[in-house]
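Architecture at a glance
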Amino acid sequence: QLQLVESGGGLVQPGGSLRLSCAASGFTLDYYAIGWFRQAPGKEREGVSCISTSGINTDYYSDSVKGRFTISRDDAKNTVYLQMNSLQPEDTAVYYCAADNLWAVHHGCVMSKVVLWRYWGQGTQVTVSS
């Protein structure tokens, strides 16, 4: 049974850091794209970062997080991480990890089409506030 379990969210002050984890079970990360998305109050869900082994579109960062966030994977632990540095209030959102392999095998990370992602974690709240 495929499952994604997120952890690492919480309350942090501006300028602080958090590391989110997305632990996968029931499958291995090979040939899957793993994406991080976030949804702030009153806004649509948006792609934040993604990692894939497809050979095309193998990584992604949104313009707003480039240089601050880093996505990585630990194959031994079957886990994907999102290291978030220099957090700002505008980063406040529920963060979700998602996985897919149907289209990702050939197309890699396709973050603009949120509805295509089939498997989702439950989300973890990140709040950046003084």
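This section reports on the structure supplied with the text. (Residues numbered from 1 in each chain as written. Predicted model: local features only at pLDDT ≥ 70, side-chain atom pairs only at ≥ 80, totals over all residues. Heavy atoms only, no water.)

1. Details of the pairing of strand 7 (residues 69–74)
Spelled out, the test is: A pair of strands is considered paired only if DSSP assigns at least 2 bridges between the two. Numbering of helices and strands runs from the N terminus, with a helix taken as a DSSP run of H or I at least four residues long and a strand as a DSSP run of E at least two residues long.
Bridge count for strand 7 against strand 8 (residues 79–84) is 6 bridges, and the pairing is antiparallel. When the sheet's bridge partners are listed, Asp74 is paired in strand 8 with Thr79. The turn linking strand 7 back onto strand 8 is made up of 4 residues, and Asn78 within it adopts a positive phi angle of 55°.

2. Here's the deal with the sheet that holds strand 1 (residues 3–7)
Paired through their backbone hydrogen bonds, the strands of a sheet run either parallel or antiparallel. Test applied: Every angle, taken between N-to-C directions, lies between 0 and 180 degrees, and every axis is a line fitted to C-alpha atoms, over only the stretch in contact when it is a helix.
If you trace the 4 strands from one edge of the open sheet to the other, you get 1-3-8-7, paired in antiparallel fashion. Looking at the sheet topology across the chains shown, the edges are occupied by strand 1 and strand 7. When the angles between neighbouring strand axes are averaged without regard to direction, this sheet yields 15°. With 5 bridges connecting them, strand 1 and strand 3 (residues 18–25) associate as antiparallel partners. By the bridge assignment for strand 3, Ser7 is matched with Ser21.

3. Some remarks on the nonpolar core
Formally: In this text, buried Ala, Val, Leu, Ile, Met, Phe, Trp, Tyr and Cys residues form a nonpolar core when linked through side-chain atoms within 4.5 Å. Burial status follows relative accessibility: with a 1.4 Å probe on protein chains alone, a residue under 20% of its type maximum counts as buried, one over 50% as exposed, and anything between as partly exposed. Every residue pair with non-hydrogen atoms within 4.5 Å of one another is taken to be in contact.
Formed by 27 residues in total, the largest nonpolar core has its most connected members in Phe27, Ile34, Trp36, Phe69, Leu82, Met84 and Tyr95. Taken together, the elements giving at least two residues each to this core come down to strand 3, strand 4 (33–39), strand 5 (46–51), strand 7, strand 8, strand 9 (93–100) and strand 11 (124–128). In this view, Tyr95 contacts Glu6, Leu20, Trp36, Phe37, Arg38, Val48, Phe69, Leu82, Met84, Gly123, Thr124 and Val126; residues no more than four positions away in its chain are not counted. One finds Ala33, Phe37, Trp103 and Met111 within the second-largest nonpolar core, a separate group that totals 10 residues.

4. Topic: the environment of Asp100
Counted only if it meets this: What qualifies as a polar contact is a pair of N or O atoms within 3.5 Å, subject to a donor-acceptor requirement within protein and to the restriction that residues adjacent in sequence count only when both atoms come from side chains.
Among the structural elements, Asp100 can be located in strand 9. With relative accessibility at 0%, the residue Asp100 sits in the buried group. For the pair formed by Asp100 and Ser25, sequence separation is 75 residues and the distance between their alpha carbons is 13 Å. The contact partners of Asp100, leaving out residues within four places of it in the chain, are Tyr31, Tyr32, Ala33, Leu116, Trp117, Arg118 and Tyr119. In this structure the side chain of Asp100 is engaged in a polar contact, spanning 3.2 Å, whose partner is the side chain of Trp103. Within the structure, Asp100 has its side chain in polar contact with the backbone nitrogen of Arg118 (distance 2.9 Å).

Function cannot be inferred from these measures alone, as they are strictly geometric.
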